[in-house]
Amino acid sequence: MPIVRPAGTMSDPGPRGKFGDHGGRYVPESLVAACQEVEDAFRDAWSDPGFRGSLATLLAVHAGRPTALTPAWRLSAELGITLLLKREDLAHTGSHKINNVLGQALLATRMGRTRLLAETGAGQHGVATATAAALLGLSATVFMGERDVERQALNVFRMRVLGAEVVPVGTGSRTLKDATSEAMRHWVTCVDDAYYCMGSVVGPHPYPWMVREFQRVIGEEARGQCATELRTGVPDYVVACVGGGSNAAGTFAGFADTAAQFVGVEAAGGAGATEGRTGVLHGFRSRFLQDDDGQITEAESIAAGLDYPGVGPEHAYLRDLGRARYVTVTDAEVVDAALRLARTEGILPALESAHAVAWVIRAAESGELPPGATVLLTLSGRGDKDTATLMELV
């Protein structure tokens, strides 16, 4: 099937924040003005060279950008492909989340806000939010499902050491969906002094677009690095894990105008793009796991960061266009992939990132990836946070 690349793909979705039939702003009246204020502030800041320069400086001197592009030599040889890893696990705090959070924290200070509110699943967004708050002299409150508090105890401790308040959420599945709901409810009560720092390409407009733009640095760096590393300049495939989908959106954005095939890898138990149906949750329209009555059903994943019942609206749009393909892998494949990458390349990935590795291994060994294919894979985070989970399984 030929790749469809309509004009404006992965560009500004306009004032309505629509990606085809997805996106938009479905929020209580009390949050309409707050979302509009964020949009106006972001448009102003993103057109200001001073703001862009300040963010670039922070990304370089604090977050450690650019991150490396690492050839996976041994695994490539085993699989008969060329696999390149974009090493977001090497960014400060251990994941790609810091890219977006530094941008939003700078925006919050520009808007005169003194508090950051955030939701988190795996804890990496929470750690990044606590880090940025400490750096810029802001306070931070992070909402986290009770189940995730238990399985990501290390990141909870890191957030508290950095000075953030961590609020366990005991409703529903006690995971990312419920943490997001509670954070948005809290935002209603304090819009005048608090800034809601969304962690992925989800939520009401402008968050899906804004977060993608803050994460675009991944794809733009990788595009330049691939031009040097690969004879063809552009990889055949660009692969990333997808929960809400910020690391994938940022990576894909750098290659939107190329012939590279996009593959987003979801958890088998949290496959919004693959198995979801159109609905509305957390202020945006997209694809969500639902029952026959249209009620949102619970996601399930070994990776807390992918334990979300939907997908960002731009991913739903890319799926509709056929520009990106979305696939699933099982928890067992994920654990095997994490161990294989560790033992072939000396890199222990986050379980979220291991989803992307798992699909590449399966596709190469089954022949779905042709021999000699070049693959760019965004390794969105490091596996330190998941050692307790792995210790129970290995």
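See the structure above.
The rules behind each value
- Residues numbered from 1 in each chain as written.
- Predicted model: local features only at pLDDT ≥ 70, side-chain atom pairs only at ≥ 80, totals over all residues.
- Heavy atoms only, no water.
- Axes fitted to C-alpha atoms, helices over the stretch in contact; angles between N-to-C directions.
- Helix = DSSP H or I, 4+ residues; strand = E, 2+ residues; numbered from the N terminus.
- Parallel < 35°, antiparallel > 145°, perpendicular 65-115°, else oblique.
- Left-handed = near helix turned anticlockwise from the far one by under 90°.
- Contact = heavy atoms within 4.5 Å.
- Nonpolar A, V, L, I, M, F, W, Y, C, P; charged D, E, K, R; others polar.
- Salt bridge = Lys/Arg side-chain N within 4 Å of Asp/Glu carboxyl O.
- Buried < 20%, exposed > 50% of the residue type's maximum accessible area, 1.4 Å probe, protein only.
- Phe/Tyr/Trp six-rings, centres within 6.5 Å; stacked < 30°, edge-to-face > 60°.

Trainee: I tried to follow the packing of helix H1 (residues 29-46) against helix H9 (residues 207-229) on my own but got confused; where do I start?
Mentor: The axes of two packed helices give the description: the angle between them and the distance between them. In the contact formed by H1 and H9, the axes pass within 11 Å of each other and the chain directions differ by 30°. Here H1 lies roughly parallel to H9, going by the angle between them. As H1 runs across H9, the sense of the crossing is left-handed. Contacts between H1 and H9 involve Val38, Phe42, Arg43 and Trp46 from the former and Tyr207, Trp209, Met210, Glu213 and Phe214 from the latter. Counted by class, the contact of H1 with H9 contains 7 nonpolar, no polar and 2 charged residues.

Trainee: Looking at this model, I keep getting lost on the pattern of salt bridges. Mind explaining?
Mentor: Close approach of charged atoms allows side chains of opposite charge to pair. Applying the stated criterion across every chain yields a total of 31 salt bridges. Of the charged contacts in the structure, one is a salt bridge between Glu300 and Arg147, with a shortest N-O distance of 2.9 Å. On the criterion of sequence distance, the pair formed by Glu300 in the loop between strand S12 (284-288) and helix H12 (313-321) and Arg147 in helix H6 (residues 146-151) is long-range, its members being 153 residues apart. Residue classification places Glu300 among the partly exposed positions, given a relative accessible area of 41%.

Trainee: Just checking my understanding: could you explain the packing of aromatic side chains for this structure?
Mentor: Describing an aromatic ring pair means giving the distance of the ring centres and the angle of the ring planes. Tallying each qualifying case throughout the model produces 10 aromatic pairs. Summarising the aromatic geometry, the rings of Phe42 and Trp209 are spaced 5.0 Å apart at their centres and angled 85° between planes, so their arrangement reads as edge-to-face. Of the two residues, Phe42 sits in helix H1 while Trp209 sits in helix H9, which places them 167 residues apart along the sequence. Judged by its relative accessible area of 0%, Phe42 is buried. Judged by its relative accessible area of 6%, Trp209 falls in the buried class. Among the aromatic residues, ring-to-ring pairing joins Phe42, Trp46, Phe51, Trp209 and Phe214 into one connected group.

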